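If you want the building blocks of each chain, they are given just below.
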Amino acid sequence: MKTNTRINPALDPYVAVAKGIAATFGTNCEVVLHDLTNPKSSVIYVENGHVTGRKVGDGIRDLVLDVLISPDFQEDALTNYKSSVIKGKAVKSTTMVIRNTEKEVIGALCINFDITSLSLIANAIDNLTFIKNDADKSEHDIEIENSNVLDILDHIISQTIAESGKLPEHMKKDDYLELLKYMDKKGVFLIKNSVDWVARKLGLSKFTIYAYLKEIRIDEEIQNR
């Protein structure tokens, strides 16, 4: 069990929820509490972090790729999906977005249940080990009409920029590249029109964003050779 001593008061009640879920389902059940006002270090509380290796101070990891672009993400939640965060384990996950009284996105509660051993006897416990099919992840832009998802994505983009500690107008090219590289890895640019969103928030043209992304991806290809 690990915790951040500076938990957002609005999220503090969810620590008890995390403890209760973990205590009910045992050591194979990891519960992670995220503060989405700090995307790069969003994890503020973890129970049974050994399941996926999550720890306090980690970032949002694949929240965009695994959850927000899934067609099954509805009413601020995606339940019983196959997690891709750890290899060699069968992990089913549920992610629920947390909003404050003003309906602003402030956090997320994630449950990761290691069902590796249970899967060996799946016929006997089929209901417990039910996992939805993986959402298709296309290399092309994904068009999303779910207003809640767009709201969350917009929030993540805004908070990622704010977390850099610099106003966009004071940023240099290296600052832009670092931010865009992070967003690219998290799947932000898989979403249709996301380049336009980011360009507006950074005060850059979308052509500059495309050029920077091309530079980032070429550099990564060279490093991976």
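Residues numbered from 1 in each chain as written. Predicted model: local features only at pLDDT ≥ 70, side-chain atom pairs only at ≥ 80, totals over all residues. Heavy atoms only, no water.

(A) Inspection of the confidence of the model for the protein at higher detail. Residues with a pLDDT of 70 or more make up 86% of the protein, whose mean pLDDT is 86. Summarising per-element confidence for the protein, the mean pLDDT is lowest in strand β1 (residues 2–3) (52) and highest in helix α1 (residues 13–25) (97). (pLDDT = per-residue confidence, 0-100. Helix = DSSP H or I, 4+ residues; strand = E, 2+ residues; numbered from the N terminus.)

(B) Spotlight on the environment of Glu215. When you line up the elements, Glu215 lands in helix α7 (residues 206–224). Residue Glu215 is classed as partly exposed on the basis of its relative accessible area of 29%. Along the sequence, Glu215 and Lys181 sit 34 residues apart, while their C-alpha atoms lie 9.9 Å from each other. If near-sequence neighbours (up to four positions away) are discounted, Glu215 is found in contact with Lys173 and Leu177. (Buried < 20%, exposed > 50% of the residue type's maximum accessible area, 1.4 Å probe, protein only. Contact = heavy atoms within 4.5 Å.)

(C) Geometry of the pattern of salt bridges. Enumeration according to the criterion identifies eight salt bridges in this entry. Arg99 is paired through a salt bridge with Asp151; the nearest N and O atoms lie 2.7 Å apart. Within this pair, whereas Arg99 is found in strand β5 (residues 91–99), its partner Asp151 is found in helix α4 (residues 147–163), the two being separated by 52 residues in sequence. In this structure, the salt-bridge partner of Glu215 is Lys173, at a minimum N-O distance of 3.1 Å. Of this pair, Glu215 sits in helix α7 while Lys173 is found in helix α5 (residues 173–185), placing the two residues 42 residues apart along the sequence. Counted as one network, the salt bridges with shared partners bring together Arg54, Lys55 and Asp58. (Salt bridge = Lys/Arg side-chain N within 4 Å of Asp/Glu carboxyl O.)

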